[in-house]
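Residue-level listing of the chains:
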Amino acid sequence: MTDTQAQPSPTARQPGNDHLPGDTAIWVMVLGDLIIFGSYFVIFMVHRTMAASEFLAAQQHLNLTIGALNTVVLLTSSWFIARSVVCARGGDVAAAIRLTYCGGACGVAFIAIKAYEWSAKIVAGYSLGQSEFFNFYYMLTGVHLFHVMLGLLIMGIVLRELRNPRKRRMPMIESGAVYWHMVDLLWVAIFCLLYVVR
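Residues numbered from 1 in each chain as written. Predicted model: local features only at pLDDT ≥ 70, side-chain atom pairs only at ≥ 80, totals over all residues. Heavy atoms only, no water.

Per an unreviewed UniProt entry, the recorded name for the protein is Probable cytochrome c oxidase subunit 3, and the organism is Mycolicibacterium iranicum. A UniProt comment under Catalytic activity (unreviewed entry) is attached to the protein, and it reads "4 Fe(II)-[cytochrome c] + O2 + 8 H(+)(in) = 4 Fe(III)-[cytochrome c] + 2 H2O + 4 H(+)(out)". The protein has a UniProt comment under Sequence similarities (unreviewed entry) that states "Belongs to the cytochrome c oxidase subunit 3 family." (UniProt positions renumbered as here; feature names shortened; annotations may be inferred.)

Now the structure itself:
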């Protein structure tokens, strides 16, 4: 190869090199989280079946509009992160960085909306221990909120990777996206169980 020939970008995807995005460790973590949350969901549904009228009455106090807004915010963030990975694979690092910031901003917006929702519920008297439904509500949304904050930390690591020309390890960037998509998927399930299913 001569010096005049273009070198492929370290983040560019090579033809015929399709593989599962990210590395094995992130998929083990994601599957473990899905199993744990799946267990929570099953327990919630069992308790809901045993006290259907009580759960339904408590559910009426949740704001469906706020839940839907948070869902739109997280799905938008997933779109930004997916586009960021595409840009990183194509070598457009500047666009990947901008899109990752946009995804992170959506994550921060989610936290702010959830904090507002929690504070409104507590002021209205629907706090932890008020009913079995609200125990599940705070537990499920609280554990999920922790995952959102951890996802923002992971996005910070991805940004560091993108900014360092000697790194930019594609598996690391993809692993961050895989984790964030899992966080969004879990929220969609929580939104359906707590806010929508009657």
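Trainee: Is there a simple way to think about a nonpolar patch on the surface in this case?
Mentor: Nonpolar side chains collect at one region of the surface, where V42, V46 and M50 lie side by side and expose about 320 Å² of accessible area between them. As for its placement among the helices and strands, V46 is situated in helix 1 (residues 24–50). (Patch = residues over 30% accessible without salt bridge, like charges linked within 9 Å, V, L, I, M, F, W, Y side chains within 5 Å. Areas by Shrake-Rupley, 256 points an atom, 1.4 Å probe, with all protein chains shown as cover. Salt bridge = Lys/Arg side-chain N within 4 Å of Asp/Glu carboxyl O. Helix = DSSP H or I, 4+ residues; strand = E, 2+ residues; numbered from the N terminus.)

Trainee: Would you mind going over the packing of aromatic side chains with me for this structure?
Mentor: Two aromatic rings are characterised by how far apart their centres lie and by the angle between their planes. Per the stated rule, a full pass over the model turns up 17 aromatic pairs. Centre to centre, the rings of F37 and F41 are 6.0 Å apart; their planes meet at 50 degrees, and the pair counts as tilted. Of the two residues, F37 and F41 are both situated in helix 1; the distance of 4 residues between them amounts to about one turn of the helix. Residue F41 is classed as buried on the basis of its relative accessible area, which comes to 13%. Taken together, the aromatic side chains of F44, F55, W118, Y126, F133, F134, F136, Y137 and Y138 make up a single cluster linked through ring pairs. (Phe/Tyr/Trp six-rings, centres within 6.5 Å; stacked < 30°, edge-to-face > 60°. Buried < 20%, exposed > 50% of the residue type's maximum accessible area, 1.4 Å probe, protein only.)

Trainee: How do you make sense of helix 3 (residues 64–89) when you look at a structure like this?
Mentor: Helical geometry: 3.6 residues make up each α-helical turn, so side chains three or four residues apart lie on a common side. The first and last C-alpha atoms of helix 3 sit 38 Å apart over 26 residues, in line with the 38 Å expected at 1.5 Å per residue. At the N-terminal boundary of helix 3, the capping side chain belongs to N63, with an oxygen 2.9 Å from the backbone nitrogen of T65. G91, located one to two residues past helix 3, shows a positive phi value of around 90 degrees. (Expected span 1.5 Å × (residues − 1). Polar contact = N/O pair within 3.5 Å; in protein donor to acceptor, adjacent residues only side chain to side chain.)

Trainee: What is the right way to read the side chain of T100 from this model?
Mentor: Inspection of the secondary structure puts T100 in helix 4 (residues 93–123). Only 2.7 Å separates the side chain of T100 from the side chain of S84, close enough to count as a polar contact.

Trainee: Looking at this model, I keep getting lost on the environment of L128. Mind explaining?
Mentor: Among the secondary structure elements, L128 is positioned in the loop between helix 4 and helix 5 (132–163). Overall, L128 belongs to the exposed group, its relative accessible area being 61%. Along the backbone, L128 and M139 are 11 residues apart, and their C-alpha atoms lie at a distance of 8.8 Å. Those residues in contact with L128 that sit more than four places away from it in its chain are F134, N135 and Y138. (Contact = heavy atoms within 4.5 Å.)

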